[in-house]
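For reference, the chains in residue letters:
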Amino acid sequence: MHLTLDQFLSRFMLHLPTAPSAAAQGDRHAAVLVPVINAAQPELLLTRRAAQLRKHAGQVAFPGGMQDASDASLIHTALREAQEEVGIAPEQVRVVGTLPPVTSSIGFAVTPVVGIVAPDARLKLNPDEVESAFTMPLAEALRLSRYSGFTLQRGNRRHQLWLSWYGDYFIWGMTAGIIRELGQQIALTDVAHLPSSAHQRCVFSLHNA
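These numbers were taken from a predicted model, which means no experiment stands behind them.

Caption draft 1: Here's a closer look at the packing of helix α1 (residues 5-14) against helix α4 (residues 173-186). At a minimum axis separation of 8 Å, α1 and α4 run at an interaxial angle of 90°. Comparing their axes, α4 and α1 come out roughly perpendicular. On the side of α1, the interface is formed by F8, R11 and F12, while α4 contributes L182, Q185 and I186. In the contact of α1 with α4, the residues fall into four nonpolar, one polar and one charged.

Rendered as structure tokens:
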């Protein structure tokens, strides 16, 4: 089925999560923007981190980072980081809510901020942080059956992680977990499989002259 923006927003507002996907711990806070592109068929914007970064190099991620002392809120953090990483201005984003915070692999409590991005937003990638950006159809991204789970043992703790492929992009860890959490909230159990290769496109080439 097709998922319109109105359908997404209705489900997002009405179907609240029954429980957090993970208990966020620690006093270090960060936020990521979960950017939903406002199109006839909404799309989810993701990035691939630059290869030279010291942490999580080359991984698929959402724009985001740690909270600065000058940030008024974690929503401000997510919007600031998105502007720094991919050039989306805060006024081009309509924030509709947040998902439960999750704990990153390096101990940050990360709050996902869901925002609707204007369809005419032009990306300007920061090469120091972002190698590329791409979108996938939101209905396909939220299809729960596309995610495979595995358990990672770290010391005495077991962590449930998720992974998925989209074309040449390997989506896993916290990013996959956030998307899956959003999929559980939207509850698109009736979304049929959409061939990934038919929908993948590079946002940078389409939105940058």
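Don't stop here, the text continues.
Caption draft 2: Seen up close, the side chain of T175. Inspection of the secondary structure assignment puts T175 in helix α4. Its relative accessible area of 7% is what places T175 among the buried residues. Looking at T175, its side chain comes within polar contact range of the main-chain oxygen of V60, at 3.2 Å. Residues in contact with T175, not counting those within four places in the same chain, are L46, V60, A61 and F62.

Criteria and thresholds
Residues numbered from 1 in each chain as written. Predicted model: local features only at pLDDT ≥ 70, side-chain atom pairs only at ≥ 80, totals over all residues. Heavy atoms only, no water. Axes fitted to C-alpha atoms, helices over the stretch in contact; angles between N-to-C directions. Helix = DSSP H or I, 4+ residues; strand = E, 2+ residues; numbered from the N terminus. Parallel < 35°, antiparallel > 145°, perpendicular 65-115°, else oblique. Contact = heavy atoms within 4.5 Å. Nonpolar A, V, L, I, M, F, W, Y, C, P; charged D, E, K, R; others polar. Buried < 20%, exposed > 50% of the residue type's maximum accessible area, 1.4 Å probe, protein only. Polar contact = N/O pair within 3.5 Å; in protein donor to acceptor, adjacent residues only side chain to side chain.

Limitation: the analysis is restricted to geometry and does not speak to function.
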